[in-house]
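Single-letter residue listing:
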Amino acid sequence: LPPALHALSLVEPNGPLVAGNRGVIEYSDLLKRPLEHFKYLLGASETAKVSLDAFVLQLDLVLIASANEKQLAAFKESHEFASFKGRLELVRVPYLRRASVEQEIYDRQITPAAVGKHVAPHATAVAALWAVLTRLKRPIPERYAGELRALVGELAPLEKLRLYDAGAAPDRLTLAQARLLRSHATDLYRESDVYPAYEGRSGASAREVKTALLHAAQATATRCLTPVAVLEELEALCRDKTVHDFLQQEVVEGYHDHEEFVRVAEARYLDTIDEEIRDSMGLVTEGQYRELFGRYAALVSS
């Protein structure tokens, strides 16, 4: 260095705040750590500056953090929450309520390379179906008027799941009723967003279901990961009511009946196998009859 700079202390800042500048910094499970460690975020979020020993670090970034509802409820009871609440924008991220999207998670993670054996068809599908069923809440018919109130009030858990996932109305409805129910599917999906106990807040997490899949893959009775082994593992999971909070929910008109949902997933799996066998044998499937009669009814009604 030139003689004129020998008395200067040259410091190059580093760390996450520097690396994340002009971008995003995520604090994973923020509320699992002592809040005292994050008090610097109060000033940083308001002034966009952090004072270091040698200089002031100018920030231009987005701060995001994650926490579960139980941790957040405890945080709200803390005297520290008053300081944080004006600088927070709470965003709810409920569990997934579409079985096809849930299955994509397990299809990417539960692979032959990950479990060390072949993964049979539908093994992840039955797990995803059961997981989403555990997260659904009974609809609130009082929020709707006219014929729609009765249609919403009669929705069974599996019917609600199929409406969310594929926009499919129950087969027992007329064409007009099915059209009415499908047109309000978005309203049904968001009806509990304003409530503290919103739909998707509780239920089986993807982590718990993934653990059940991995346990099923370790079954020595089969040479591959089968749907039957997954169903047996889900039944075992339902018996651990003291371990999983969602298993302690009260059954309300078929909703939150998690043991019954295992049988629903099994029945749906057997129906799928039956359809695949009929297709492979070249037989006419029930779905083709429904499609034919549906086209006829649509033609007549138009």
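Above: the structure in question.
Please read all numbers here as calculations on a predicted model, not as lab measurements.

**Q** Explain the pattern of salt bridges here, please?
**A** Opposite charge on two side chains allows them to pair when their charged atoms are near. The final tally for this structure, using the stated rule, is 15 salt bridges. Measuring nitrogen to oxygen at the nearest pair gives 2.8 Å for the salt bridge that ties Arg22 to Asp60. One end of the pair, Arg22, is in the loop between helix 1 (16-19) and strand 1 (24-27); the other, Asp60, is in the loop between strand 3 (56-58) and strand 4 (62-65), and 38 residues separate them in sequence. For the salt bridge of Arg87 with Glu46, the shortest nitrogen-to-oxygen distance reads 2.7 Å. Here the residue Arg87 occupies a position in the loop between helix 4 (81-85) and helix 5 (99-109), and Glu46 occupies one in helix 2 (residues 40-47), the gap between them amounting to 41 residues. You can call Arg87 partly exposed: its relative accessible area is 40%. The class for Glu46 is exposed, based on a relative accessible area of 57%. Three or more residues joined by partner-sharing salt bridges are found here, namely Arg97, Lys160 and Glu199.

**Q** Hey, could you run me through helix 3 (residues 69-77) in this one?
**A** Because each turn of an α-helix spans 3.6 residues, side chains separated by three or four positions end up pointing in the same direction. Within helix 3, burial applies to Gln71, Leu72 and Phe75. All buried residues of helix 3 fall inside an arc of 100° around its axis, so they share one side. Those residues of helix 3 that are exposed and aimed more than 90 degrees away from the buried face are Lys70, Ala74 and Glu77. On its buried face, helix 3 is in contact with helix 4.

**Q** Would you mind going over the packing of aromatic side chains with me for this structure?
**A** Each aromatic ring pair is summarised here by two numbers: the centre-to-centre distance and the angle between the ring planes. One pass over the full model with this rule turns up 5 aromatic pairs. With 4.9 Å between their ring centres and 80° between their planes, Tyr164 and Tyr189 make a pair best called edge-to-face. Of this pair, Tyr164 sits in helix 9 (residues 157-166) while Tyr189 sits in helix 11 (residues 185-190), placing them 25 residues apart in sequence. A residue is classified by how much of its surface remains accessible, and Tyr189, at 26% relative accessible area, is partly exposed. A connected cluster of aromatic rings, assembled from ring pairs, spans Phe75, Phe81 and Phe84.

**Q** Would you explain the packing of helix 7 (residues 123-135) against helix 12 (residues 206-217) in this entry?
**A** Helix-helix packing is characterised by the crossing angle of the two axes and by the distance between the axes. Put simply, helix 7 and helix 12 touch, their axes get as near as 10 Å, and they point 145° apart. Two packed elements cross with a definite hand, and for helix 7 against helix 12 that hand is right-handed. Residues Ala123, Ala127, Trp130, Ala131 and Arg135 of helix 7 pack against Ala206, Val209 and Leu213 of helix 12. In the contact of helix 7 with helix 12, the residues fall into 7 nonpolar, no polar and 1 charged.

Rules of the game
Residues numbered from 1 in each chain as written. Predicted model: local features only at pLDDT ≥ 70, side-chain atom pairs only at ≥ 80, totals over all residues. Heavy atoms only, no water. Salt bridge = Lys/Arg side-chain N within 4 Å of Asp/Glu carboxyl O. Helix = DSSP H or I, 4+ residues; strand = E, 2+ residues; numbered from the N terminus. Buried < 20%, exposed > 50% of the residue type's maximum accessible area, 1.4 Å probe, protein only. Arc of directions from axis to C-beta. Contact = heavy atoms within 4.5 Å. Phe/Tyr/Trp six-rings, centres within 6.5 Å; stacked < 30°, edge-to-face > 60°. Axes fitted to C-alpha atoms, helices over the stretch in contact; angles between N-to-C directions. Left-handed = near helix turned anticlockwise from the far one by under 90°. Nonpolar A, V, L, I, M, F, W, Y, C, P; charged D, E, K, R; others polar.

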